Amino acid sequence: MPENNTNIMLPYNREAEQSVLGSILIDASCMSVAIDYLKSEYFFLPEHREIFTAMRHMYENKAASIDTITISDILAKSGYSDAAGARNYIYQLAQMVPSVANIENYAKIVREQYYLRCLIQLSHDVLENASASGADAKVIMESAEQKLYDMRQGTESNGPKRLKDVIVNGVYDRLKKLNGENKDEYKALSTGFGLLDRYITGLNKSDLILIGARPAMGKTSFALNLAHNLSVVGKKKVVFFSLEMTNEQLAERILASQCAIDAKKFRSGELSDDEWVRLGNAASSLYDTKLYLSDASSITVPEMKSIVRRMRDVDCVIIDYLGLISSSERTENRVQEVTKITKNLKMMAKDLNIPVVCCAQLSRGTEGRGKSHRPQLSDLRESGSIEQDADIVMFLYREVYYAGEKLEEEQENIDKDKTELIVAKNRHGETGTIELVFDSEYTRFRQLETNEHYSEN
């Protein structure tokens with residue numbers, strides 16, 4: 001058995017590799033099974049990689065029938081082997097297969113040995129990098145964790161599934177769970193705003209939800225309200241990444257909302273005796289809350305993903321805000337950078353199977369839109385991929401923000417606390433507008449008890 005540069009014997013199974021290739025030579029339909037499990041690099045022996053690559057090329061391009069003659073000819077033309085030598089070995093492969101009916105088992109053995117070799121290589125890389133001068137432990141750990149996660153994802157078959165199997169094992173199974181004893185574990189997460197839940201059916205697993213608004217509309221406050229409703233009321237485990245505010249500032253806003261104390265008093269420290277009592281009671285009620293705050297000012301989506309994965313059993317991630325997320329790779333311009341970031345956010349939601357909520361700042365397009373400044377999907381800054389990748393897009397709009405443009409008598413009629421929550425895109429249902437009240441001194445939103453709304457389909 002060959003050795004690598006760490007003097008560790010690399011595992012592989014010659015007979016399994018030969019049986020996979022031999023089965024395909026005997027029955028070309030075995031190729032459809034093999035490609036569900038294998039790639040060329042999964043084969044350890046170079047000649048087997050070359051043969052499988054040739055087979056796959058012929059299968060995908062339907063160039064000719066897969067047999068000893070055609071495969072040996074391709075190998076000879078590629079300069080890998082002389083035609084006679086290749087043909088002789090390929091003929092032997094076809095003779096040594098115990099049973100083509102076991103093609104799936106042979107393929108699984110080959111794949112298993114490949115993953116074991118990958119683990120050995122990963123361990124060697126970690127050891128080598130950690131021993132190097134000037135090694136960065138954080139970078140090494142995150143790199144190793146990502147590679148291990150990618151490897152784990154690859155162990156699951158991602159081939160197409162028959163509709164019948166999806167219905168029985170997917171749809172029916174989920175519906176049974178939604179009506180079973182532990183149904184609350186499988187339902188979408190409640191936002192704490194009843195009408196919003198009816199529109200979007202709550203925060204669903206694997207969804208990317210965007211909350212867009214111009215500055216000072218209340219994006220952070222609304223995101224914190226969601227975090228509070230999910231963790232305090234819903235008893236869920238939530239991670240809130242703030243790239244703009246410190247953990248202390250976030251905690252102050254949560255406390256202000258919880259105990260109805262003017263948020264400015266957390267800056268001045270001028271609290272009455274009654275407010276100190278309310279503050280103490282509110283703080284005590286939050287001690288068991290599974291809400292985690294992160295104020296890392298420079299963080300990438302892969303880093304967030306790594307953090308959440310390590311924490312385990314996280315129910316929702318909230319990020320404030322998109323424009324401050326660092327790119328994990330170099331790009332030519334900001335549009336490409338944002339495109340990559342939003343795709344990574346969607347993949348994070350899908351891979352971790354949890355809802356990811358992200359705030360986004362709107363462009364100045366709303367400012368020059370005549371009388372109506374209500375935001376539209378086209379106002380999402382810097383990239384159309386934001387709208388494309390998001391499952392749900394919501395906007396916050398407060399008319400008081402534009403009061404300076406109105407006549408004096410018109411300004412008097414503006415409700416400074418009225419906020420419109422506009423559901424502009426919804427993959428799960430209708431769009432429309434929900435009226436909220438923003439208590440600015442307590443930095444919290446609440447839904448009107450009698451809520452007038454309209455659909456915008």
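Structure report, in brief. (Residues numbered from 1 in each chain as written. Predicted model: local features only at pLDDT ≥ 70, side-chain atom pairs only at ≥ 80, totals over all residues. Heavy atoms only, no water.)

## Quick notes on the packing of helix α11 (residues 247–259) against helix α13 (residues 273–286)
Here's step 1: Packing of α11 against α13 brings their axes to within 9 Å, and their N-to-C directions diverge by 110°. Considered as vectors, α11 and α13 are oriented roughly perpendicular to each other. Considering the relative orientation of α11 and α13, their crossing is right-handed. Along its contact with α11, which presents I254, L255, Q258 and C259, the element α13 presents R278, L279, A282, A283, S285 and L286.
Here's step 2: For the contact of α11 with α13, the class distribution of residues is 7 nonpolar, 2 polar and 1 charged. (Axes fitted to C-alpha atoms, helices over the stretch in contact; angles between N-to-C directions. Helix = DSSP H or I, 4+ residues; strand = E, 2+ residues; numbered from the N terminus. Parallel < 35°, antiparallel > 145°, perpendicular 65-115°, else oblique. Left-handed = near helix turned anticlockwise from the far one by under 90°. Contact = heavy atoms within 4.5 Å. Nonpolar A, V, L, I, M, F, W, Y, C, P; charged D, E, K, R; others polar.)

## Remarks on the nonpolar core
Here's step 1: Grouped together as the largest cluster of nonpolar side chains are 81 residues, with contacts concentrated most on F222, I318, I319, I325 and L345.
Here's step 2: Counting residues per element, this core draws most heavily on helix α10 (residues 219–233), which supplies 7 residues.
Here's step 3: Formed by 34 residues, the second largest nonpolar core is a distinct cluster that contains I24, M58, V97 and L122. (Core = buried A, V, L, I, M, F, W, Y, C linked by side-chain atoms within 4.5 Å. Buried < 20%, exposed > 50% of the residue type's maximum accessible area, 1.4 Å probe, protein only.)

## A closer look at the packing of aromatic side chains
Here's step 1: Tallied over the full model, the rule gives 8 aromatic pairs.
Here's step 2: With 4.9 Å between their ring centres and 40° between their planes, F43 and F52 make a pair best called tilted.
Here's step 3: The exposure class assigned to F43 is buried, which follows from its relative accessible area of 0%.
Here's step 4: Every member of this aromatic cluster is reached through a ring pair, and the members are F193, F222, F438 and F445. (Phe/Tyr/Trp six-rings, centres within 6.5 Å; stacked < 30°, edge-to-face > 60°.)

## Some thoughts on the pairing of strand β2 (residues 238–242)
Here's step 1: Counting buried residues in β2 gives 5 out of 5 residues, a clear majority hidden from the surface.
Here's step 2: Covered by surrounding structure in β2 are V238, F240 and S242 together with V239 and F241, the residues of both alternating faces.
Here's step 3: Here β2 runs beside strand β3 (residues 291–294); their pairing, made up of 4 bridges, is parallel. Counterpart to V238 in the pairing with β3 is L291.
Here's step 4: Pairing analysis gives 5 bridges linking β2 to strand β4 (residues 316–320), with the strands arranged parallel. (Pairing = 2+ DSSP bridges.)

## A short note on the pattern of salt bridges
Here's step 1: Applying the stated criterion across every chain yields a total of 11 salt bridges.
Here's step 2: The salt bridge partner of R444 is D439, with a shortest N-O separation of 3.6 Å.
Here's step 3: D439 gets classed as buried once you look at its relative accessible area, which sits at 14%.
Here's step 4: We note a salt bridge from R446 to D439, for which the minimum N-O separation is 3.0 Å. (Salt bridge = Lys/Arg side-chain N within 4 Å of Asp/Glu carboxyl O.)

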